[in-house]
Amino acid sequence: MTLFDSPAFEGHEGVHAFSDEKTGLRCIIAVHSTARGPAAGGCRMWPYASAEAALEDALKLSRAMSYKNAMADLDLGGGKSVIIGDSRTQKTPALFEAFGRAVQDVGGKYWTAEDVGVSPADLLHARKNTYYVAGLEGRRESSGDPSPVTAEGVFRGVRLCVERALKTDLKGVRVAIQGVGHVGGYLAQKLHAAGAKLTLTDVNAEALARVAAATDAEIVAPSNIFDVDCDVFAPCALGGAISLDTLPRIRARVIAGAANNQLADAEAGRELFDRGLLYAPDYVINGGGIINVAGEIRALERDEAFDPAWVDEKLDRLTATLDEVLDLAARQRRPTHEVANEIARDRIRGAAQKKAAA
Ligand code: NAD
């Protein structure tokens, strides 16, 4: 199979591969769509087993960013970059300087930011060679850590789903959270403050104990989180939590959390629907972080300071969009993620047509 026949490539405007012998950089920048604006999506550094695996990941992630940015109603397209390497042992300033040159070579069609394995300090080195970097600290345009904003979006989404599925507010509702890291930790605090009862798990025992103590929560072992008797299951760890294996164990009526790629596969999405569970599509409910980054890009492009009020307004709009997705899915009796995909594709297609006609 060639790149052009690969299902993951479908719909992409371009894929750029860079190597730099001096620094050892090998990176791929995938630009799925610039129909709504320049493509935006973080940079991931990961020890991929092969260049093919890195390419596949970059393509999947960049398309997901197009959908996420469209659903968050941002004037941004979707893109993503991956650096092949181990972030614990292979990071150097020169590597990220070379990455900055690669981003600059894409000519403003792609804005980068942090993702797994990449920190604001790394991006500072990239910034020496390109303007198109968001997620830096200490500038008047800086948006800061996106996690609290992501958590606020997820919190509003959980509240909405509970209102719709259980016809109640959050008081006394039990939420099981898988993963209490950056986003899950903030989410736990917000839910606790709203009167929800929490059951938490994490593979990091120290973080788990800290968050549980602050939120009066019960703790379970990571392997038992799917069996908790709860109203809401909130996946906030890694992707693939919802599968044909885990679904029969999940007792919640609502699945709503921060993790990317929660559905292990399309069958899991169908099965979830057939079981009558309400699922908040991951890339809709967790769009708060990219909204925050978009606020920084907006400030840079306008030469203004970062505006938290703009971010909050977009976050309100995001919750309204989630409501629209859930409404349409209920009326059409279809899985929520299929409806969300359709709306995202329509928004991207509409923007492309408008651009072509201009
Ligand atoms: P994080 O690394 O800070 O937190 C993830 C937590 O999950 C960690 O505490 C980790 O120990 C725990 N974990 C990992 N595997 C686990 C397992 N099997 N069982 C239980 N716990 C496990 O990451 P984060 O920034 O909080 O992001 C969480 C999820 O949300 C990720 O999927 C991320 O892609 C997604 N997301 C994050 C943001 C953001 O703003 N940070 C935005 C959108 C989406």
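All of these numbers come straight from a predicted model, not from anything done at the bench.

**Observations concerning the nonpolar core**
By size, the foremost hydrophobic cluster in this structure holds 91 residues, and its most contacted members are Ile83, Phe99, Val175, Ile177, Leu191 and Leu200. When residues of this core are assigned to domains, at least three map to each of domain 1 (3-59 + 78-126) and domain 2 (147-285 + 322-345). Judged by nonpolar contacts, the second largest core, of 16 residues, contains Ile225, Val228, Cys230 and Leu263.

**Focus: the site of the ligand**
The full set close to the ligand counts 19 residues, and Thr150, His182, Val183, Asp202 and Ala237 are the nearest of them. Thr150 is positioned with one of its side-chain polar atoms (N or O) 2.7 Å from an oxygen atom of the ligand. Within the contact set of the ligand, an oxygen atom lies 2.6 Å away from a side-chain nitrogen or oxygen of Asp202. Burial of the ligand by the protein amounts to 73% of the accessible area it has alone, namely 830 Å². Listed by contribution, the elements that provide at least two residues to the shell around the ligand are helix 4 (147-166) and helix 5 (182-193). Classifying every residue of the shell around the ligand by side-chain character gives eight nonpolar, nine polar and two charged.

**Things to note about the packing of helix 10 (residues 308-332) against helix 11 (residues 336-357)**
At their nearest, the axes of helix 10 and helix 11 sit 9 Å apart, and the two run at 120 degrees to each other. In this view, helix 10 runs oblique relative to helix 11, as classed from their interaxial angle. Considering only the axes of helix 10 and helix 11, their crossing is right-handed. Each of Arg317, Thr321, Glu324, Val325, Leu326, Leu328, Ala329 and Gln332 in helix 10 lies in contact with helix 11, whose residues at this interface are Thr336, Val339, Ala340, Ile343 and Arg347.

**Overview of the domain arrangement of the protein chain**
Looking at the assigned domains, one finds that the protein chain contains domain 1 (3-59 + 78-126) and domain 2 (147-285 + 322-345). Using only C-alpha atoms to locate each centre, domain 1 and domain 2 end up separated by 29 Å.

**Some remarks on the packing of helix 4 against helix 5**
At their nearest, the axes of helix 4 and helix 5 sit 8 Å apart, and the two run at 50 degrees to each other. By the angle between their directions, the pair helix 4 and helix 5 is classed as oblique. As for how helix 4 packs across helix 5, the hand of that crossing is right-handed. Touching Ser147, Pro148, Thr150, Ala151, Glu152, Val154, Phe155 and Val158 of helix 4 are His182, Val183, Tyr186, Leu187, Lys190 and Leu191, all from helix 5. For the contact of helix 4 with helix 5, the class distribution of residues is nine nonpolar, three polar and two charged.

**So, the pattern of salt bridges**
Enumeration over the complete set of coordinates arrives at 29 salt bridges. Its salt-bridge partner being Arg349, residue Asp346 comes within 3.0 Å of it at the nearest N-O pair. Placement of the pair is Asp346 and Arg349 together in helix 11, with a separation of three residues, close to one helical turn.

**Digging into the packing of aromatic side chains**
All told, the structure shown has seven aromatic pairs when counted by the stated rule. For the ring pair Phe4 and Phe9, a centre distance of 5.4 Å and an interplane angle of 85 degrees mean the geometry is edge-to-face. We classify Phe9 as buried; its relative accessible area is 12%. Through a chain of ring-to-ring contacts, the aromatic side chains of Trp111, Tyr131 and Tyr132 assemble into a single cluster.

**Side note on the pairing of strand 8 (residues 197-201)**
Taking burial as the measure, the five residues of strand 8 include four buried ones, the bulk of the element. Looking at chain direction, strand 7 (residues 174-178) and strand 8 are connected through five bridges and run parallel. Within the sheet, the bridge partner assigned to Arg174 lies in strand 8 and is Lys197. Across two bridges, the pairing between strand 8 and strand 9 (residues 218-219) is parallel. In the sheet register, Thr199 faces strand 9, and the bridge partner there is Glu218. Handedness of the crossover is the feature at issue here: the chain leaves strand 8, passes through helix 6 (residues 205-215), returns alongside strand 9, and the resulting connection is right-handed.

Conventions and cut-offs
- Residues numbered from 1 in each chain as written.
- Predicted model: local features only at pLDDT ≥ 70, side-chain atom pairs only at ≥ 80, totals over all residues.
- Heavy atoms only, no water.
- Core = buried A, V, L, I, M, F, W, Y, C linked by side-chain atoms within 4.5 Å.
- Buried < 20%, exposed > 50% of the residue type's maximum accessible area, 1.4 Å probe, protein only.
- Domains from an automatic or database assignment.
- Near = heavy atom within 4 Å.
- Polar contact = N/O pair within 3.5 Å; in protein donor to acceptor, adjacent residues only side chain to side chain.
- Areas by Shrake-Rupley, 256 points an atom, 1.4 Å probe, with all protein chains shown as cover.
- Helix = DSSP H or I, 4+ residues; strand = E, 2+ residues; numbered from the N terminus.
- Nonpolar A, V, L, I, M, F, W, Y, C, P; charged D, E, K, R; others polar.
- Axes fitted to C-alpha atoms, helices over the stretch in contact; angles between N-to-C directions.
- Parallel < 35°, antiparallel > 145°, perpendicular 65-115°, else oblique.
- Left-handed = near helix turned anticlockwise from the far one by under 90°.
- Contact = heavy atoms within 4.5 Å.
- Salt bridge = Lys/Arg side-chain N within 4 Å of Asp/Glu carboxyl O.
- Phe/Tyr/Trp six-rings, centres within 6.5 Å; stacked < 30°, edge-to-face > 60°.
- Pairing = 2+ DSSP bridges.
- Right-handed = clockwise from strand over helix to strand, strands pointing away.

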